[in-house]
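For reference, the chains in residue letters:
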Protein chains: 2
Amino acid sequence: MKLYDCTQAPNARRVRIFIAEKGLDIPKVEVDIAGGENLQADFLNKNPRGLLPLLELDDGSYLDESVAICRYLEELHPEPALMGIDAKSKARIDSTQRHIEFDAISPLADVFRNSVLQFKERAIAGTTGVAAIEPLVDRGINSYQRFLDRLNENLKVNKYVAGPEFSIADITALCAIDFARWVKLEIPEYHTHTRQWYELVSSRPSVCA
Amino acid sequence: MKLYDCTQAPNARRVRIFIAEKGLDIPKVEVDIAGGENLQADFLNKNPRGLLPLLELDDGSYLDESVAICRYLEELHPEPALMGIDAKSKARIDSTQRHIEFDAISPLADVFRNSVLQFKERAIAGTTGVAAIEPLVDRGINSYQRFLDRLNENLKVNKYVAGPEFSIADITALCAIDFARWVKLEIPEYHTHTRQWYELVSSRPSVCA
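Definitions and cut-offs
Residues numbered from 1 in each chain as written. Chains lettered and ligands numbered in written order. Predicted model: local features only at pLDDT ≥ 70, side-chain atom pairs only at ≥ 80, totals over all residues. Heavy atoms only, no water. Helix = DSSP H or I, 4+ residues; strand = E, 2+ residues; numbered from the N terminus. Rg over C-alpha atoms; globule rule 2.2 N^0.38 Å. Buried < 20%, exposed > 50% of the residue type's maximum accessible area, 1.4 Å probe, protein only. Contact = heavy atoms within 4.5 Å. Areas by Shrake-Rupley, 256 points an atom, 1.4 Å probe, with all protein chains shown as cover. Lys, Arg positive; Asp, Glu negative; His and termini not counted. Charge placed at Lys NZ, Arg CZ, Asp CG, Glu CD. Expected span 1.5 Å × (residues − 1). Buried area = accessible area lost by both parts, 1.4 Å probe. Salt bridge = Lys/Arg side-chain N within 4 Å of Asp/Glu carboxyl O. Least-squares fit on C-alpha atoms with pLDDT ≥ 70 in both. UniProt positions renumbered as here; feature names shortened; annotations may be inferred. Pairing = 2+ DSSP bridges. Axes fitted to C-alpha atoms, helices over the stretch in contact; angles between N-to-C directions. Polar contact = N/O pair within 3.5 Å; in protein donor to acceptor, adjacent residues only side chain to side chain. Bend = angle between axes of the 7 residues up to and from the residue.

### Describing the overall build of chain A
- A tally of helices and strands in chain A yields seven helices and four strands.
- For 209 residues, the compact-globule formula gives about 17 Å, and the C-alpha radius of gyration of chain A, at 17 Å, lands near that figure.
- Expressed along its principal axes, the backbone C-alpha trace of chain A runs to roughly 50 × 45 × 30 Å.
- Put simply, chain A has 209 residues, and 55% of those count as buried.
- If you take every contact in chain A between residues at least 6 apart in sequence, the share linking residues at least 24 apart comes to 63%.
- A total accessible area of about 9,100 Å² is found for chain A, and carbon and sulfur atoms account for 52% of it.
- Mean positive and mean negative side-chain charge positions of chain A (25 and 31 charges, respectively) differ by 3 Å.

### Digging into helix H1 (residues 10-22) of chain B
All names here are of chain B.
- Look at H1: 19 Å from first C-alpha to last across 13 residues, which is about the 18 Å you get at 1.5 Å a residue.
- Of all 13 residues that make up H1, 11 are buried, and the element is covered over most of its length.
- The complete set of buried residues in H1 reads Pro 10, Ala 12, Arg 13, Arg 14, Val 15, Arg 16, Ile 17, Phe 18, Ile 19, Glu 21 and Lys 22.
- Of the residues flanking the end of H1, it is Gly 23, one or two places downstream, whose phi is positive at about 70 degrees.

### A word on the environment of A:Lys159
Residue and element names in this part refer to chain A.
- Along the chain, Lys 159 turns up in the loop between helix H5 (135-157) and helix H6 (168-182).
- A relative accessible area of 52% means that Lys 159 is categorised as exposed.
- Residues Lys 159 and Asp 25 lie 134 residues apart in sequence; the distance between their C-alpha atoms is 29 Å.
- If we skip the residues at most four places from it in the chain, Lys 159 touches Pro 164, Trp 197 and Leu 200.

### Thoughts on the interface of chain B and chain A
- With 43 residues of chain B at the interface, the matching set in chain A holds 42 residues.
- Together chain B and chain A conceal approximately 3,700 Å² of surface at their shared face, both sides included; 53% is due to carbon and sulfur atoms.
- By the criterion of area lost to chain A, the three top residues of chain B are B:Arg49, B:Arg98 and B:Arg139, representing 19% of everything that side buries.
- Counting across the chain B and chain A interface gives 12 salt bridges.
- A salt bridge links B:Lys88 to A:Asp59; the shortest N-O distance between them is 2.1 Å.

### Considering the relation of the copies chain B and chain A
- Superposing chain B onto chain A takes a rotation of 180 degrees plus a shift of 0.0 Å along the axis, which leaves an RMSD of 0.0 Å. This pairing of chains is accounted for by a two-fold axis.
- The share of interface residues of chain B whose copies in chain A are also at the interface is 98%, consistent with both copies meeting through the same surface.

### Quick notes on the environment of B:Gln40
- Following the sequence through the fold, B:Gln40 ends up in the loop between strand S2 (28-30) and helix H2 (41-44).
- Along the backbone, B:Gln40 and B:Gly50 are 10 residues apart, and their C-alpha atoms lie at a distance of 8.4 Å.

### Overview of the pattern of salt bridges
- The final tally for this structure, using the stated rule, is 40 salt bridges over all chains.
- The salt bridge partner of A:Glu21 is A:Arg204, with a shortest N-O separation of 2.8 Å. Linking A:Glu21 in helix H1 (residues 10-22) with A:Arg204 in the segment after helix H7 (192-202), this pair joins segments that are 183 residues apart in sequence.
- A salt bridge links B:Arg181 to B:Glu186; its shortest N-O distance comes to 3.1 Å.
- What makes B:Arg181 partly exposed here is its relative accessible area of 39%.
- Through salt bridges that share partners, A:Arg14, A:Arg49, A:Asp64, A:Glu65, A:Glu101, B:Arg98, B:Asp103 and B:Arg150 make up one connected network.

### Digging into the UniProt feature "domain: GST N-terminal" (unreviewed entry) in chain A
- On the UniProt side, "domain: GST N-terminal" (unreviewed entry) is annotated at positions that read residues 1-81 of chain A here.
- The span residues 1-81 of chain A shows a helical share of 35% and a strand share of 16%, and its end C-alpha atoms are spaced 21 Å apart.

### Let's talk about the sheet that holds strand S4 (residues 62-64) of chain A
Residue and element names in this part refer to chain A.
- Taking strand neighbours across the sheet as the criterion, the four strands line up as S2-S1-S3-S4 in an open arrangement whose pairing is mixed. Of all strands in the sheet, those with a lone pairing partner are strand S2 (28-30) and S4, marking the two edges. Pairs of neighbouring strands in the sheet enclose a mean axial angle of 25 degrees, with direction left out of account.
- Two elements, strand S3 (residues 54-56) and S4, share three bridges in a ladder whose sense is antiparallel. Bridging across to S4, Leu 55 finds its partner in Leu 63.
- Packed on one face of the sheet, H1 meets strand S1 (2-5) and S2 and runs near 145 degrees to S1.

### Overview of the sheet that holds strand S3 (residues 54-56) of chain B
All names here are of chain B.
- Strand order across the open sheet formed by four strands is S2-S1-S3-S4, with mixed pairing between neighbours. Two strands lie at the open edges of the sheet, namely S2 and strand S4 (62-64), each paired on one side alone. Shown here is a sheet whose adjacent strand axes are inclined to one another by a mean of 25 degrees, direction ignored.
- Sitting on the sheet, H1 is in contact with strand S1 (2-5) and S2, with an inclination near 145 degrees to S1.
- Running over the sheet, helix H3 (residues 66-76) touches S3 and S4 and is turned about 120 degrees from S4.

### Observations concerning the side chain of B:Arg98
- Relative to the helices and strands, B:Arg98 resides in helix H4 (residues 87-113).
- Side chain to side chain, B:Arg98 and A:Glu101 meet in a polar contact 2.7 Å long.
- The contacts of B:Arg98, once residues within four sequence positions are left out, are A:Glu65, A:Val67 and A:Glu101.

### Quick notes on H4(B)
All names here are of chain B.
- If you check H4, its first and last C-alpha atoms are 37 Å apart, about what 27 residues at 1.5 Å a residue would give, namely 39 Å.
- The principal kink in H4, of about 35 degrees, is found at Glu 101.
- Burial analysis of H4 places 19 of its 27 residues in the buried class, which makes it a mostly covered element.

And the structure:
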């Protein structure tokens, strides 16, 4: 196996942390998204959607999408379980993680892609010729703030974002929150539950992967 | 169990078809999204994100997000398998389905929500006070067309969208394509592989669920 990676990209980081939590050692190949390497023929032949991360399997085929890559690794290496152990915990973790993707990562990607000069004509990841839409920046910030409010409520009653155990959903939330800092959005001071959780999760060695 | 449903909503339809394919009988409660019933306190107490579908479990707790609901049902009722049977097929189906969500359903939701008068101030599902952004309509149409091009290429070599077997990814693709018709986007005549697949999948009794 081989992971096509981009050190800067939040979705690639999700997979790197997952791999580290599993204690796996998978060789990585860096692809320069900012420089547009993901939009060149060599990479598009591997993944026509132009997105990172991408896993090359031992049979030479490719698997994309962060969560699908994690699911594959979870199936091959069930311990430690990061995607649930029974019907309810699997579904709960999946649901929570999707909240984070739809309510935080996508809006934050909108904020970033539609405000940074470098991506002026690459406002959708993996694609060229898509112009920025400036009002998406405010809309994205507001979505992310609604997400943060709900997250703090959630962490009032749960130790981790999808329940009592650390899971892939915590990895996704951590990567979203750190991504938000790129566009100067921090956890508010009064979100004490989120701040406490953030400190707990950030102390895991895997976060440096 | 009880499914909070909305007959018109594409994501609710995904779950209804999934339930029909499994041969399950789960009572349904209709919630009127167009009339804003999902934004009233009674529903928000069940799902603070205001989104449908929503599954009420036998212990009285709630599970949201279409795919998480399907995953829960797949775990409880593994046959017929709709989400894969081994590491590779599970990951492949998950990945393909995410392509459809990110490249078709989300852009189509943008086209719909940002162009229909009724949702002028509800441009993000489940939320009030979010104004439409008109340029998202063209952006969404273009994203969907890129998706359709890739889908037809995929179906040149695969019988179903995630490989040789019918799966949840076919349900998601079918619901996306039928949703697109609301905004007058059809499968192009020359996408013969997609048209053939569409006919095959549409002939399943479950699609009327």
